Amino acid sequence: MATVIRGSIWFGLYVFLALLPLGTAIAVTPNRTDPPLLLGLAIGAGFVGLSLMALEFTLISRVTPAAGAFGEDALQQFHNSMGVVALSFILAHPILMVIYGYPAGCWLNPFSGCANTATIAASLALYGLLILIGTSIWRKQLKIRYEVWFVIHGLFALFVVLAAIVHIFIMGRYTSTPLMKTLWLIYTVLIIYLIAWHRIIKPMINWNHKWEVVENRQERGEAHTLVLKPVGHEGFSFQPGQFSWLKAGRMPFGPGAHPISMSSNGDVEPGGTVKFTIKSLGDWSGKEVPAMKPGDTLWLDGPHGVFSMDREQAMGYVFVGGGVGITPLYAMLQTMVTREDVRPVVLFYGGHTEDSLTFREELDALAEQMNLKVVYVLSHPEEGWRGETGFVSGEVMQRYLPKQYKHFKFMICGPEPLMDSMEEAIPQLGVPWEQVLTERFDMV
């Protein structure tokens, strides 16, 4: 309940800040002549779109109070959705202006003879936003490396917002008053601060919190487990299921941080090692991670995330994992063994083949140490496989769940197909959504 309340407060604050510039402009602009309805809608759409763009920076800056209420994966999905919403408002602005009577060429062509500084700034902001969102949606299809995209995304986002602010100040219809100038100055300072916090201040704080690779172990399922020890500090403990941002290199600055779940026991002693299990899914995870060796330096920003049994107490649990989504679930199971937790757990683990099941042997061993039942489901089983086949579904789950399963907490982590299928399976099982906690590991 506390999480829901915090989430509602933060969402309400977000909506309030998105509408604040428009509402303030209408309320305090003196001696204005109210514009025709169509022109007013165009101006309002522009204000709301720009406000949403400015607030987008807060969603990805890892602000702990907000991330603690929603979870960073949920914030990332909300960030993606609100980017499209902001684009819709911003597109509506020039479209409505053209319908009202403004020449389309002046808005859409920054090099036309009728273009001025205001329309040039507006068109550049619009095209920059289209590039920003297009490269985000189709990054993999365009084969843009994550590290390259990360830099492009940040630069274009800053450029779009600043160009849009230049546009509204030059137009000046609702920004001529001292209050409105102050308000937009605050928004601009907020953006600069969040960028500085995320890219400069926080890495400087982490400067004396270096981690060192002590082992790089190959696992089933084309995965590697990095065992890290803190250097010159006591490290950290974490709630099992949480993740950290990992960055390799001599310095904690610059692009290249990747969100990876911890795969070790959450109750780490001061100075103890922390493990991360990383599946080969791209250039970094498929080439750089396997090449890491003892003595290499890594920087951690964490722990983050709300996907943890410590936040969702229940009489029992149903874990559903697919692929490397098993990692946070495995961390929870190890922690339960350490704590001598006797609550029942049913784990459904989906994979392509037996060899794709990361931690297969470890999970079987845990099943002998705790009240755990593991159900493997293979989509492409080899000959002789006697377990479940196909995909994790409501029908498969129904065969293994205990009678009191509706009182259990369901914790689900995996790729998009698994998460989408669970959206159908959970209602079929009659489990209320407040009993379900999910995390999509393809966050970026």
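Along each chain, the written sequence defines residue order, and numbers are assigned to residues from 1. The predicted nature of this model means local features are confined to residues of pLDDT at least 70 and side-chain atom pairs, given and counted, to a pLDDT of 80 or more, with totals for whole chains, interfaces and linings taken over all residues. Heavy atoms throughout the structure, all of them, feed into the side-chain values; hydrogens and water do not.

1. Some points on the overall build of the chain
Argument step 1. In this description a helix means any DSSP run of H or I spanning at least four residues, a strand means any run of E spanning at least two, and both kinds are numbered starting from the N terminus. Along the backbone of the chain there are 13 helices and twelve strands.
Argument step 2. Only protein chains enter the area calculation, which uses a 1.4 Å probe; residues under 20% of their type maximum are buried, those over 50% are exposed, and those in between are partly exposed. When burial is assessed residue by residue, the chain has 50% of its 444 residues classed as buried.
Argument step 3. Taking contacts inside the chain between residues at least 6 apart in sequence as the whole, the part at least 24 apart equals 73%.
Argument step 4. Working definition of accessibility: Shrake-Rupley area with a 1.4 Å probe, residue cover restricted to the visible protein chains. Accessible surface computed for the chain: about 21000 Å², of which carbon and sulfur atoms make up 62%. The contact criterion used throughout is that any non-hydrogen atoms of two residues lie within 4.5 Å.

2. Re the pattern of salt bridges
Argument step 1. Salt bridges, as used here, are contacts in which a Lys or Arg side-chain nitrogen is within 4 Å of a carboxyl oxygen on Asp or Glu. One pass over the structure, following the stated rule, counts 18 salt bridges.
Argument step 2. Taking the shortest distance from any N to any O, the salt bridge between K229 and E212 comes out at 3.9 Å. Here the residue K229 occupies a position in strand β2 (residues 223-231), and E212 occupies one in strand β1 (residues 210-219), the gap between them amounting to 17 residues.
Argument step 3. E215 is the salt-bridge partner of R217, the closest N and O atoms lying 3.3 Å from each other.
Argument step 4. Each member of the salt-bridge network shares a partner with another, and the members are R145, D283, K287 and E288.

3. So, the pairing of strand β3 (residues 243-248)
Argument step 1. Of all the six residues making up β3, five are buried; the element is thus mostly covered by neighbouring parts of the structure.
Argument step 2. Bridge count between β3 and strand β4 (residues 258-261): four bridges; the pairing is antiparallel. Across the sheet, residue W245 finds its bridge partner in β4, namely P259.
Argument step 3. Where β3 meets strand β6 (residues 297-304), five bridges bridge the pair, whose relative direction is antiparallel. Here a strand pair is declared whenever DSSP counts at least two bridges between the two strands.

4. Quick notes on the packing of aromatic side chains
Argument step 1. Ring geometry is summarised as follows: Phe, Tyr and Trp rings, the Trp one being its six-membered ring, pair when their centres sit within 6.5 Å, and such pairs are stacked at plane angles under 30 degrees, edge-to-face over 60 and tilted between the two. With the rule as written, the count across this model stands at ten aromatic pairs.
Argument step 2. In textbook terms, an aromatic cluster arises when at least three aromatic residues are bridged by ring pairs, as seen for W207, F253 and W299.
Argument step 3. Sitting over a ring, as applied to charges here, requires NZ of Lys or CZ of Arg to be within 6 Å of the ring centre and within 35 degrees of the ring normal. Over the ring of Y376 we find R360, and its NZ or CZ is 4.4 Å from the ring centre.

5. Re the pairing of β6
Argument step 1. Relative to β6, β1 is paired through three bridges, and the arrangement is antiparallel. What sits directly across from K210, in β6, is W299.

6. Things to note about the side chain of R343
Argument step 1. Relative to the assigned elements, R343 resides in the loop between α10 (326-338) and β8 (345-351).
Argument step 2. Residue classification places R343 among the buried positions, given a relative accessible area of 18%.
Argument step 3. For R343, the side chain forms a polar contact with the side chain of Y317, separated by 3.2 Å.
Argument step 4. A distance of 2.7 Å separates the side chain of R343 from the side chain of D341, its partner in a polar contact. Whenever two N or O atoms come within 3.5 Å, that pair is a polar contact, provided that in protein one can donate a hydrogen and the other can accept it, and provided that, for residues adjacent in sequence, both atoms are side-chain atoms.

7. Quick look at the sheet that holds β1
Argument step 1. Taking strand neighbours across the sheet as the criterion, the six strands line up as β4-β3-β6-β1-β2-β5 in an open arrangement whose pairing is antiparallel. Only two strands of the sheet have a single partner each, and these edge strands are β4 and β5 (274-279). Within the sheet, the average angular offset between the axes of one strand and its neighbour, ignoring direction, is 40°. Axes, fitted as lines to C-alpha atoms, cover a helix only where it is in contact. Angles between the N-to-C directions of the axes lie from 0 to 180 degrees.

8. Digging into the packing of helix α7 (residues 146-171) against helix α8 (residues 178-205)
Argument step 1. The contact between α7 and α8 brings their axes to 11 Å, and the two run at 170°. Between α7 and α8, the angle falls in the class roughly antiparallel. Residues F150, G154, L158, V161, L162, I165, I168 and F169 of α7 pack against K181, W184, T188, I191, I195, H198 and R199 of α8.
Argument step 2. Residues are grouped as follows: Ala, Val, Leu, Ile, Met, Phe, Trp, Tyr, Cys and Pro are nonpolar; Asp, Glu, Lys and Arg are charged; every other residue, Gly included, is polar. Looking at the contact of α7 with α8 residue by residue, the classes come out as ten nonpolar, three polar and two charged. Any angle that is under 35 degrees is reported as roughly parallel, and any over 145 degrees as roughly antiparallel; angles of 65 to 115 degrees are reported as roughly perpendicular and all others as oblique.

9. Here we look at the environment of V392
Argument step 1. The residue V392 is located in the loop between β10 (388-389) and α12 (394-398) in this model.
Argument step 2. Residues V392 and S421, 29 residues apart in the sequence, show an inter-C-alpha distance of 8.0 Å.
Argument step 3. Other than its neighbours up to four places away in sequence, V392 contacts V320, F348, G350, V377, M397, L418, S421 and M422.

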